[in-house]
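Chain and residue survey
Each chain, letter by letter, is given below.
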Amino acid sequence: MHRILLPLLCLISALPGQAQLLTPEKAAYTRQDSLRGSITPERSWWDLLKYELSVTPDYATKSVSGENAISFVALADGQTLQIDLQEPMKLVSATWRKKPLPFTREGNVFHIKFPKMIKTGSRETIVCRYEGVPQVAVRPPWGGGWIWTKDEQGRPWMTVADEGLGLSCWLPCKDHLSDEPDSGVVMHITAADSLIAIGNGRLRDKKPNGNGTTTYTWVTTSPINSYDIIPYIGKYANWSSEFQGEKGKLDCSFWVLDYNLEKAKPQFKQADTMLSVFEYWMGPYPFYEDGYKLVEAPHLGMEHQSNIAYGNHFANGYLGRDLSGTGWGLKWDFIIVHESGHEWFGNNLTDKDAADMWVHEGFTNYSETLYTTYLYGTEAGNDYCIGTRKNIVNDNPIIGVYGVNKEGSGDMYYKGGNMLHMIRQIVGDSAFRTLLRGLQKTFYHQTVTTQQVEDYMSQYAHRDLSKIFDQYLRTTRIPVLAYQSNGDIISYRWGNCVKGFNMPVKVYIGGQAEKWITPTDEWQTMRAGTDGQVLATGVPDFRPNNTAQPTGGRPNPRGTGSGILTVGATGNGTGGDGNFSVDRNFYIVVHKQG
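Report follows, based on the coordinates. (Residues numbered from 1 in each chain as written. Predicted model: local features only at pLDDT ≥ 70, side-chain atom pairs only at ≥ 80, totals over all residues. Heavy atoms only, no water.)

**Here we look at the overall build of the chain**
A count of helices and strands for the chain gives 11 helices and 31 strands. The buried share among the 594 residues of the chain stands at 60%. Taking the intrachain contacts of the chain between residues at least 6 apart in sequence as the baseline, contacts between residues at least 24 apart amount to 68%. Looking at the chain as shown, the accessible area adds up to about 21400 Å², and 51% of this sits on carbon and sulfur atoms. (Helix = DSSP H or I, 4+ residues; strand = E, 2+ residues; numbered from the N terminus. Buried < 20%, exposed > 50% of the residue type's maximum accessible area, 1.4 Å probe, protein only. Contact = heavy atoms within 4.5 Å. Areas by Shrake-Rupley, 256 points an atom, 1.4 Å probe, with all protein chains shown as cover.)

Given below as structure tokens:
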């Protein structure tokens, strides 16, 4: 959550359908933005292998201290590396082979220099000690930072939400999405004896320190993106279960505040259903080695890997609401479904640059439609997806600005999901399911670019989908299908589109069954009843009018009488004029000319 809802559904606003970005809009980007969001020379020469971190939060002073042992392999010769730690946090020391290393600070970045050149292939570890008062989350999970609160019984409750803001808001690290610790993370969390500390992966050790504190050691062995590395500290109770999945037994663990145990148990049974559905559509849960964990959090939710944050108050919907407005979204717990969906898209398959965040959010948004489809049928899933279109604002392109840690429009959620819905119509359910599973297998535990995802999908579909991606990801324009009917002659073309846009659409003409046509940005003409066969006839000079209707609603391709060309309702149930109609599953505008 990433995000919940338009930048989150892992990233969504408290108002239904209203999106809020994790990083603020800027008129201009600075060197600090480039240091944070680009592969600088001081980042490029080394590959992250593992973190072993210790963290001790102090609730009274709202401060954090500890150390992070950062293991890496040199990809090229190098001597100075970049470590990220945001102000006002302080790097106390950096050591290598037990010797101190000099460093300089540049805003949110530390440049650490080795006494000699580190040679290609060398495996090294530096230990960074840190302390300070980290940024406090103002409105988590969107306004990121540390969360210092109390539960209903007045006991301390702490965690972090830092997607967008970054792990470096409290921990020295390599804070770039493209490089994950290949061998995972060991996290030692020290908390008061009266509280429980939870981290990613599996609990390896619990050690009383004899001074009123206990240190919990959690281990994840899989690669993990930086904003997913999260501790939770509170008065937790837990229970466990086993899910029999595609790769065998998956250990599931559930953690909630002690007084919520009884209400949580029946609600969290939905996790089993979710795992079954998503394994069907997207393949095996990607982190069997680290288990699946759902943890109550003092904010709405977030997709922390093997450590999902849950704050939906043990009710269905999104804080009790249906973001699609169709009723289907009230039949399941939005946070369990959406945030867990990120285990596949966001955690297993992770974008290399925040500009490509739609790969996380678009696919995970669409997992909600797939979930609804699996449980309640195709039309229910279609209703849900189409219902979310009202939340699309078309303010900015979905793909953001590269190299400065800037995601694109919040439309990455609903518009991204509707784009995938159209591609599913084009390739068919069986092929689309295999495509999703193929993405997960091909890019298993990897970071990717938008181009890699686009190329894979086009290759798998055996058709060039690039113009669809260009239209919906890189522009704010809704394509217009312009048409004219003259007796049984239908003329059509795409407008308001990128050059060469050629998305096929399913249409209804007359009382006949659905058929597929492939419009281009040039006029084509066909005769009704010829299965879309293009005629080599001239196209009349149509008079323009203002009949433009966005698609939605239910198809109704029925007609009676000779020469009757009956329209099925388009996307919002308003397009067409009795002669021509587009299937509602396509997010386009239908425009009659003449």
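Next comes the rest of the account.
**Some points on the side chain of H360**
Relative to the helices and strands, H360 is located in helix α6 (residues 358-376). For H360, a relative accessible area of 0% corresponds to the buried category. At a separation of 2.9 Å, a polar atom in the side chain of H360 contacts the side chain of D351. (Polar contact = N/O pair within 3.5 Å; in protein donor to acceptor, adjacent residues only side chain to side chain.)

**Some thoughts on the pairing of strand β7 (residues 109-118)**
Both strand β3 (residues 78-84) and β7 contribute to a ladder of six bridges, which runs antiparallel. Pairing of G78 across the sheet is with I118, part of β7. In this structure, strand β6 (residues 103-106) lies alongside β7, joined through four bridges in antiparallel fashion. Note that in β7 the partner of E106 across the bridge is V109. Connecting the antiparallel pair β6 and β7 is a turn made up of two residues, with G107 showing a positive phi of about 65 degrees. (Pairing = 2+ DSSP bridges.)

**Looking at the pairing of strand β24 (residues 489-495)**
As paired elements, strand β23 (residues 480-486) and β24 share seven bridges and run antiparallel to each other. Considered in β24, the bridge of S485 is made with I490. Counting the residues between successive antiparallel strands, the hairpin from β23 to β24 contains two residues, one of them, G487, with a positive phi of roughly 70 degrees. The pairing of β24 with strand β27 (residues 524-527) spans four bridges and is antiparallel. Along β27, the bridge assignment pairs I489 with R527.

**Overview of the packing of helix α5 (residues 334-341) against α6**
How two helices sit against one another is set out by the angle between their axes and by the gap between those axes. Running from amino to carboxyl end, α5 crosses α6 at an angle of 135 degrees, the nearest separation of the two axes being 8 Å. Considered as vectors, α5 and α6 are oriented oblique to each other. Pair α5 / α6 crosses with right-handed handedness. Contact with α5, carried on its side by F334, V337, H338 and G341, involves E361, T364, N365, S367, E368 and Y371 of α6 and no other residues of that element. Of the residues assigned to the contact of α5 with α6, the class counts are three nonpolar, five polar and two charged. (Axes fitted to C-alpha atoms, helices over the stretch in contact; angles between N-to-C directions. Parallel < 35°, antiparallel > 145°, perpendicular 65-115°, else oblique. Left-handed = near helix turned anticlockwise from the far one by under 90°. Nonpolar A, V, L, I, M, F, W, Y, C, P; charged D, E, K, R; others polar.)

**Observations concerning the sheet that holds strand β25 (residues 505-508)**
Spatial strand order, β26-β25-β30: three strands in an open sheet with antiparallel pairing. Sheet topology places β26 (515-517) and β30 (581-582) at the edges, where each strand pairs with a single neighbour. Two elements, β25 and β26, share three bridges in a ladder whose sense is antiparallel. Considered in β26, the bridge of K506 is made with W516.

**Focus on the packing of aromatic side chains**
Tallied over the full model, the rule gives 39 aromatic pairs. A ring pair is formed by W239 and F254, whose centres lie 5.2 Å apart and whose planes are at 25 degrees; its orientation type is stacked. With W239 in strand β16 (residues 236-245) and F254 in strand β17 (residues 248-257), this pair connects stretches of sequence that are 15 residues apart. The exposure classification of W239 matches that of F254, with both residues buried. Where F278 meets W344, the ring centres are 5.6 Å apart and the plane angle is 80 degrees; that geometry is what we call edge-to-face. Remark: W344 occurs in the loop between α5 and β21 (349-351) and F278 occurs in helix α4 (residues 270-282); sequence separation between them is 66 residues. For W344, a relative accessible area of 0% corresponds to the buried category. Over the face of the ring belonging to Y59 we find K62, whose NZ or CZ atom lies 4.4 Å from the ring centre. (Phe/Tyr/Trp six-rings, centres within 6.5 Å; stacked < 30°, edge-to-face > 60°. Lys NZ or Arg CZ within 6 Å of the ring centre and 35° of its normal.)

**Quick notes on unusual backbone geometry**
Going from E87 to P88, the amide bond is cis rather than trans, its omega being 10 degrees. Take P88: it is sitting in the loop between β3 and β4 (90-96). In this structure, P141 follows P140 across a cis peptide bond, with omega equal to 5 degrees. With respect to the helices and strands, P141 occurs in the loop between β8 (123-132) and β9 (145-150). Positive phi, normally seen in glycine, also occurs at K98, with a value near 70 degrees. Tracing the chain through its elements places K98 in the loop between β4 and β5 (99-100). With a relative accessible area of 84%, K98 lands in the exposed category.

**Here's the deal with the environment of L53**
Structurally, the position occupied by L53 is in strand β1 (residues 46-58). Here the alpha-carbon distance between L53 and C128, two residues 75 residues apart in the chain, equals 9.2 Å. Every residue in contact with L53, bar those within four places of it in the chain, is listed here: E67, N68, W170, L171, V185, V186, M187, H188 and I229.

**Some words on the environment of Q451**
Tracing the chain through its elements places Q451 in helix α10 (residues 450-461). For the pair Q451 and F469, spaced 18 residues apart in sequence, the C-alpha separation works out to 9.7 Å.

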